[in-house]
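A structural walkthrough
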Amino acid sequence: MCGIVGYIGRGDVKDELLSGLKELEYRGYDSAGIALMEQNHVTSFKATGKLKNLEQKAKEYAQDGGIGIGHTRWATHGKPTELNAHPHYGTYSYVVHNGIIENYVELKKELEAQGVKFVSQTDTEVIVHLFEKNLEKLGTGDKAFEATIAALEGAYAVLLLSKDVPETVYFARFGSPLMLGRNGKQEIFFASSDAAILGKATEVAYLEENCIGKVENGTIITDFEKGCSDLEYKALRGDKVSAQKGGFRFFMEKEIYEQGDVLSDTLMGRVFENRVHIDELEDMDLEGISAITICACGTSYHAALSSSYLFEHVAKIKTDVVIASEFRYKEPILTPDTLFVVISQSGETADTLEALKMAKNAGLQTLAVCNVDNSSIVRLCDSTILTRAGIEKGVASTKAFATQMAVLWMCALFFARKNGVACDMDAELKALRHLPKVTAEALRHHEKIKRLSKRYLHGHGFFFIGRDLFYPLAMEGALKLKEISYLHAEGYPAGEMKHGPIALADSELFTVALMPKSQLYEKMKSNVEELSARDATILTIAPEILDNIADDFLVIDEHGHVMSEYFEMMVVLQLLSMEVAIRLGNDVDMPRNLAKSVTVE
Ligand code: M6R
């Protein structure tokens with residue numbers, strides 16, 4: 001949600017900022033902007049919409065060496081207009097900001113009473129005016145920045161530069177990620193995600209929570225009252241090429257196709273002849289644990305729900321799942337016999353992070369299943385199992401979900417063994433090892449789905465139905481379709497349709513039925529028949545052609561293991577939503593109104 005970058009060095013400042021923003025564009029693409037400073041002269045450009053509009057606007061400008069800050073926006077306060085785009089400016093200072101200033105209304109009133117005129121509807125603009133007022137009062141940039149940050153409430157990361165404080169960028173991290181990169185070429189980079197500095201910086205320092213500092217004349221200075229303590233640099237690994245589209249039409253498509261490979265990475269060193277071994281769980285003291293609570297949002301929530309069936313079926317451990325944004329307001333009863341698990345691709349989702357903080361404060365042991373090392377959630381949790389999906393750029397999560405499910409399945413097997421629960425471990429492990437193959441082979445459905453998709457564009461809605469752990473998978477199928485096609489879709493328990501939603505059934509109601517052979521197959525058939533009798537248009541995903549009850553069929557393999565069926569259907573649903581969205585002409589990777597990581601509540 002929003003991306004920020006900064007650059008200090010002798011290179012082409014504009015190009016450095018734009019290339020960094022390009023890598024973060026998937027986090028927000030309502031507008032973008034940059035400010036470049038050379039001694040005490042600042043030039044700024046802003047444009048609404050995608051980054052290419054900003055590139056076009058700034059194309060004549062060149063600046064070798066100096067300082068720059070940039071931003072790509074996902075609107076929280078105020079419409080996606082140019083005035084609301086960052087950098088926000090006062091009379092001589094410029095700021096970019098990621099997060100939310102919760103007390104901006106009061107601050108704005110105070111500043112307006114002092115004669116400040118606001119031009120935007122954002123919360124961010126207060127920062128820059130407050131800084132200038134403080135500078136007038138306190139006389140130095142350092143004091144002004146400290147006082148400004150001290151007045152802000154909320155969660156945010158900020159970069160600020162001012163003509164009155166030449167050759168300087170101020171930075172602050174309070175609840176939103178910010179990192180500082182460097183290389184041997186006297187260049188310093190700022191970014192809200194390391195994707196923006198891969199291939200540029202060789203080392204990165206992830207700033208700790210609640211700290212401020214500045215870079216002045218190329219030197220990083222942190223001796224403020226709330227200064228970031230010694231920055232700990234780590235080698236920055238990963239290459240840019242792996243984050244490019246590699247011949248696919250969209251990142252989402254590439255990421256669907258990568259799932260076989262990333263699943264192999266996820267399993268590596270964790271699945272053995274007769275058991276799973278997960279270091280991160282072995283290192284925890286799980287003796288008194290008799291229940292699990294899982295918190296997550298969106299797709300990660302669907303992984304959580306699916307896994308709760310595995311934890312209860314396979315490991316016989318009581319498992320509750322709560323949507324993270326609901327958790328903290330429900331006054332949950334937290335007991336120390338509960339392992340608190342959070343699932344997050346980004347590791348930065350504000351709702352999940354807040355739920356995690358509550359669980360930590362209550363003294364629970366906490367475990368993250370996360371894709372981004374060093375993210376806020378990873379740093380806060382007692383232990384983390386990394387999903388190893390690699391950078392996921394499509395806003396619609398695919399490979400991250402696949403790897404979350406693989407990790408959670410392994411966790412269920414870990415608890416089954418630990419608690420001495422009888423299960424057919426050989427069969428489980430065999431199926432687990434087959435996952436990469438099953439997922440890769442599921443791509444064979446792609447051509448048929450491309451053709452089928454043209455029949456599923458203009459109904460009055462979709463129901464994705466399933467039972468047991470195929471119910472959360474149905475919810476995930478519906479979410480995928482909604483977010484990139486903008487068609488209304490619901491994931492529903494198949495047995496529940498007759499209690500109300502079947503009233504919607506007619507030939508314009510599209511139903512996608514998830515029908516695994518290994519689970520409740522006959523019951524699913526009855527539910528599909530009920531819809532078929534009301535003339536609903538039905539696509540079955542099943543191991544056979546059911547031409548007496550459905551209109552279209554995607555025939556999956558009879559794997560003999562429920563999880564193999566789950567993963568094959570997962571790929572089918574991802575491809576279906578993508579092909580429908582492509583036919584509707586939508587930008588699959590950057591769907592309207594969304595952002596890759598949601599760092600506001
Ligand atoms: O990074 P997280 O897994 O915590 O993100 C949670 C949701 O925002 C995310 O899954 C969202 O629903 C995706 N766009 C789904 O495709």
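Residues numbered from 1 in each chain as written. Predicted model: local features only at pLDDT ≥ 70, side-chain atom pairs only at ≥ 80, totals over all residues. Heavy atoms only, no water.

Some points on the overall build of the protein
Helix and strand content of the protein: 18 helices and 24 strands. If you line up the protein on its principal axes, its C-alpha atoms span 80 × 55 × 45 Å. Taking all 601 residues of the protein together, the buried fraction comes to 61%. Accessible surface, the protein as shown: approximately 22,900 Å² in total, 48% of it carbon and sulfur. Side chains of the protein carry 64 positive and 86 negative charges; the gap between the two charge centres is 3 Å. (Helix = DSSP H or I, 4+ residues; strand = E, 2+ residues; numbered from the N terminus. Buried < 20%, exposed > 50% of the residue type's maximum accessible area, 1.4 Å probe, protein only. Areas by Shrake-Rupley, 256 points an atom, 1.4 Å probe, with all protein chains shown as cover. Lys, Arg positive; Asp, Glu negative; His and termini not counted. Charge placed at Lys NZ, Arg CZ, Asp CG, Glu CD.)

Observations concerning the packing of aromatic side chains
Counting across every chain of the model gives 18 aromatic pairs. Considering the side-chain rings of F327 and F340, the 5.2 Å spacing of their centres and the 50° angle between planes classify their relative orientation as tilted. You can see F327 sitting in helix 10 (residues 324-327) and its partner F340 sitting in strand 17 (residues 338-344), a full 13 residues away along the chain. The buried category is assigned to F340, whose relative accessible area is 0%. Considering the side-chain rings of Y566 and F567, the 5.9 Å spacing of their centres and the 55° angle between planes classify their relative orientation as tilted. As far as the burial class goes, Y566 and F567 line up, both buried. Looking at R182, its charged tip hangs above the ring of Y233, at a distance of 3.5 Å from the centre. Across from the ring centre of Y486, 3.9 Å away, lies the NZ or CZ of R592, which sits over that ring. (Phe/Tyr/Trp six-rings, centres within 6.5 Å; stacked < 30°, edge-to-face > 60°. Lys NZ or Arg CZ within 6 Å of the ring centre and 35° of its normal.)

Digging into helix 13 (residues 399-418)
Helix length check: helix 13 (20 residues) gives 28 Å between terminal C-alpha atoms against 28 Å at 1.5 Å per residue, within 8%. Downstream of helix 13 by one or two residues, G420 has phi in the positive range, about 65°. (Expected span 1.5 Å × (residues − 1).)

Some words on unusual backbone geometry
Each neighbour pair has its own omega, and for H86 with P87 the value is -5°, a cis peptide bond. Its place among the elements puts P87 in the loop between strand 4 (64-73) and strand 5 (88-89). Even without a glycine there, the phi angle at Q39 is positive, about 50°. Tracing the chain through its elements places Q39 in the loop between strand 2 (31-38) and strand 3 (41-48).

Overview of the environment of R417
By secondary structure assignment, the location of R417 is in helix 13. Residues R417 and N134 lie 283 residues apart in sequence; the distance between their C-alpha atoms is 61 Å. Contacts of R417, omitting those with residues within four sequence positions, involve R275, V276, E282 and M425. In terms of polar contacts, R417 uses its side chain to reach the side chain of E282, at 3.4 Å. (Contact = heavy atoms within 4.5 Å. Polar contact = N/O pair within 3.5 Å; in protein donor to acceptor, adjacent residues only side chain to side chain.)

A look at the pattern of salt bridges
By the definition in use, this model includes 28 salt bridges. The shortest N-O distance in the salt bridge between E354 and R328 comes to 3.7 Å. Taken together, the residues span a long stretch of sequence, with E354 in helix 11 (residues 350-361) and R328 in the loop between helix 10 and strand 17 at a distance of 26 residues. (Salt bridge = Lys/Arg side-chain N within 4 Å of Asp/Glu carboxyl O.)

Quick word on the site of the ligand
Lining the immediate environment of the ligand, one finds 14 residues, of which S300, S344, Q345, T349 and E483 sit closest. One nitrogen or oxygen atom from the main chain of T299 is found 3.0 Å from an oxygen atom belonging to the ligand. Here an oxygen atom of the ligand sits 2.6 Å away from a polar atom, N or O, in the main chain of Q345. In the complex, the protein chains occlude 91% of the 410 Å² of accessible area that the ligand would expose alone. Elements with a minimum of two residues in the shell around the ligand: helix 9 (298-313) and helix 16 (470-485). Looking at the shell around the ligand residue by residue, the class counts come to four nonpolar, eight polar and two charged. In this structure, the shell around the ligand is formed jointly by two domains, domain 2 (244-433) and domain 3 (443-601), each of which donates at least three residues. (Near = heavy atom within 4 Å. Nonpolar A, V, L, I, M, F, W, Y, C, P; charged D, E, K, R; others polar. Domains from an automatic or database assignment.)

Topic: the nonpolar core
In summary, soluble globular proteins display a tendency toward joint burial of nonpolar side chains. Counting residues in each nonpolar core, the largest one holds 92 residues, and the members touching the most others are L432 and F567. Looking at this core, you find at least three residues from each of domain 2 (244-433) and domain 3 (443-601). Residues within four places of L432 in sequence aside, it is in contact with L267, V271, V276, A406, W409, M410 and L413. V126, L152, V158 and I212 belong to the second largest nonpolar core, which has 27 residues in total. (Core = buried A, V, L, I, M, F, W, Y, C linked by side-chain atoms within 4.5 Å.)

Quick notes on a positive patch on the surface
Residues K448, R451, K454 and R583 make up a contiguous surface patch of positive charge. Structurally, R451 can be placed in helix 15 (residues 446-452). (Patch = residues over 30% accessible without salt bridge, like charges linked within 9 Å, V, L, I, M, F, W, Y side chains within 5 Å.)

Regarding the sheet that holds strand 12 (residues 211-216)
On the basis of which strands lie adjacent, the open sheet formed by six strands has the order 5-6-7-8-12-13 and antiparallel pairing. With one partner strand each, in any of the chains shown, strand 5 and strand 13 (219-221) form the two edges of the open sheet. Looking at chain direction, strand 6 (residues 93-101) and strand 7 (residues 154-162) are connected through nine bridges and run antiparallel. Bridging from a neighbouring strand, H97 pairs with V158 of strand 7. In the packing of helix 5 (residues 141-151) onto the sheet, the strands contacted are strand 7, strand 8 (165-174) and strand 12, and the crossing angle to strand 8 comes to about 25°. (Pairing = 2+ DSSP bridges. Axes fitted to C-alpha atoms, helices over the stretch in contact; angles between N-to-C directions.)

Re the pairing of strand 23 (residues 537-542)
Among the six residues of strand 23, six are classified as buried, and the element is accordingly described as predominantly covered. Burial along strand 23 is two-sided: the face carrying T537, L539 and I541 and the face carrying I538, T540 and A542 are both buried. Pairing of strand 22 (residues 509-514) with strand 23, which is carried by five bridges, proceeds in the parallel orientation. When the sheet's bridge partners are listed, F510 is paired in strand 23 with T537.

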